[in-house]
Amino acid sequence: MKVSMMQVGPIGTNCYILEDESAHQAAVIDPGGDAPRLLAALKGLDVRYILLTHGHYDHTGAAAELAAAFPQATVYIHERDYHDADPSLFPLRTELSGVKFYGEGNRLPLGGLELQVLHTPGHSEGSVTLRCGDLLFCGDTLFAGSCGRTDFPGGDTAKILASLRRLGELEGDLRVLPGHMEDSTLSRERQVNPYLRQAMGSGI
C-alpha cells in the first residue's frame, strides 16, 4: 500500500492517492483542484475510484476532469452532500452526473485493499471518513489539534462531536489523514485535541 498527498485547489486541500502497488490500482480521495498536477501524478495507474469525503467545492473541484480522464473510475459521494441546495458550496451536482452514493458500512475493494465507509456528519450532513487498514481519511471531520467548522449549511456541532467521539473510540493508534494541514495519529489527538477530548468526555 502506498499513499501520496498533494495540496491542491484554492485553499490547499489535502488530496490523497491511495495505491495498491501490486495491482497498480489507485483511488483518488478529495481531488479539490489542480487537475493537471493530479493527472501527471496518476499517469500509469489504473484509477478505480474518485472518492469524496464530502461535497464542498474545495474537495471536489477536479472530480469532473478526473472522471473524464479515467472513465473506468467510479465517483462516490454521500447522497446528503450531492443534493444540497447551495451549488456555490456543494457544486458537484451541477458539474458531474452519474456519480454513485456510498454510506455507513459500505466497503470498496481496491486490488488487495479495502476501504470502509464511516458516516461522520457534522461538518456537513454527508461527511464520511474512509478507513483503509490503519489509515483514516477524515476529510474535514478531524484535524490535527482541531475539527471541521460547523457554521456552513448542513453543519451541526452536536453531530460533529458525536462523529469525533466515534473516531476517538476506534481501537488502535490509527493514522489520521485530514483534509487540511498536517497528519496525526489517534493517540496524539486523544491527548491534545480539545474537540476530541470534549467529545469523548461528553457522553454523546
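Right above here is the structure, for reference.
Parameters and conventions
Residues numbered from 1 in each chain as written. Predicted model: local features only at pLDDT ≥ 70, side-chain atom pairs only at ≥ 80, totals over all residues. Heavy atoms only, no water. Helix = DSSP H or I, 4+ residues; strand = E, 2+ residues; numbered from the N terminus. Expected span 1.5 Å × (residues − 1). Buried < 20%, exposed > 50% of the residue type's maximum accessible area, 1.4 Å probe, protein only. Arc of directions from axis to C-beta. Core = buried A, V, L, I, M, F, W, Y, C linked by side-chain atoms within 4.5 Å. Contact = heavy atoms within 4.5 Å. Pairing = 2+ DSSP bridges. Polar contact = N/O pair within 3.5 Å; in protein donor to acceptor, adjacent residues only side chain to side chain. 1 Å grid on protein atoms, 1.4 Å probe; cavity = no way out; pocket = protein on both sides within 12 Å on 5 of 7 lines; lining within 4 Å. Points joined across faces, edges and corners; volume = space filled by probe spheres on them. Salt bridge = Lys/Arg side-chain N within 4 Å of Asp/Glu carboxyl O. Phe/Tyr/Trp six-rings, centres within 6.5 Å; stacked < 30°, edge-to-face > 60°.

A. Highlighting helix 6 (residues 157-168). A rise of 1.5 Å per residue sets the reference length of helix 6, with its twelve residues, at 16 Å; its end C-alpha atoms lie 16 Å apart and thus fit the reference within 8%. Within helix 6 the residues assigned to the buried category are Ile160, Leu161, Ser163, Leu164, Leu167 and Gly168. The buried side chains of helix 6 occupy one side of the element, clustering within an arc of 160° when seen end-on.

B. Looking closely at the nonpolar core. Among the nonpolar cores identified, the biggest contains 25 residues, and Leu38, Leu42, Ile50, Leu66, Val75, Leu92 and Val99 are the most heavily contacted of them. Looking at which element gives the most residues to this core, the answer is helix 3 (residues 63-69), with three residues. Those residues within four positions of Leu42 in sequence are excluded, and the remaining contacts are Ile17, Val28, Val47, Leu66 and Phe70. Ranked by size, the runner-up nonpolar core spans 19 residues in total, among them Ala27, Leu108, Leu113 and Val117.

C. A look at unusual backbone geometry. Residue His24 is not a glycine yet carries a positive backbone phi of 60°. Structurally, His24 is set in the loop between strand 2 (13-20) and strand 3 (25-29).

D. Representation of the sheet that holds strand 13 (residues 175-178). Ordered by their spatial adjacency, six strands build an open sheet running 7-8-9-10-13-14, and the pairing between neighbours is mixed. The outermost strands of the open sheet, each flanked by one partner alone, are strand 7 (107-110) and strand 14 (184-185). Sheet analysis places strand 7 next to strand 8 (residues 113-119), joined by four bridges and oriented antiparallel. Bridge assignment links Pro109 to a residue of strand 8, and that residue is Glu114.

E. Structural view of the side chain of Ser127. Tracing the backbone through its elements, the reader meets Ser127 in the loop between strand 8 and strand 9 (128-132). Side chain to side chain, Ser127 and Ser124 meet in a polar contact 2.8 Å long. Residues contacting Ser127, with those up to four places away along its chain left out, are Thr53, His54, Asp81, Leu118, His119, Thr120, Pro121 and Thr141.

F. Representation of the layout of surface pockets in the model. Approximately 160 Å³ is the volume found for the largest pocket. Taken together, Ile11, His56, Tyr57, Asp58, Leu89, His123, Asp140, Phe143, Gly148, Arg149, Phe152 and His180 make up the full set of residues lining the largest pocket.

G. Inspection of the sheet that holds strand 1 (residues 2-8) at higher detail. The strand order across the open sheet formed by six strands is 1-2-3-4-5-6, and the pairing between neighbours is mixed. Taken across any chain shown, the strands that pair with only one partner, and hence form the sheet edges, are strand 1 and strand 6 (100-101). Bridging between strand 5 (residues 74-77) and strand 6 involves two bridges; their strand directions are parallel. Pairing of Tyr76 across the sheet is with Lys100, part of strand 6.

H. Local environment of the pattern of salt bridges. The final tally for this structure, using the stated rule, is ten salt bridges. The residue Arg188 makes a salt bridge to Glu189 at a minimum N-O spacing of 3.1 Å. In this structure Arg188 comes out as partly exposed when scored by relative accessible area, which is 42%. Each of Arg80, Glu125 and Lys159 takes part in salt bridges that share partners, so that together they form one network.

I. Representation of the environment of Ala67. Among the secondary structure elements, Ala67 is positioned in helix 3. Beyond its immediate sequence surroundings of up to four residues, Ala67 is in contact with Ile50, Val75 and Leu96.

J. Local environment of the packing of aromatic side chains. Per the stated rule, a full pass over the model turns up four aromatic pairs. Judged by centre distance (5.3 Å) and plane angle (65°), the rings of Tyr16 and Phe137 are edge-to-face. Taken together, the residues span a long stretch of sequence, with Tyr16 in strand 2 and Phe137 in strand 10 (residues 135-139) at a distance of 121 residues. Ring centres of Tyr76 and Tyr102 lie 5.3 Å apart, and the angle between their planes is 15°; on these two criteria the pair is classed as stacked. Here the residue Tyr76 occupies a position in strand 5, and Tyr102 occupies one in the loop between strand 6 and strand 7, the gap between them amounting to 26 residues. Taken individually, Tyr76 and Tyr102 each receive the classification buried, so the pair is uniform in this respect.

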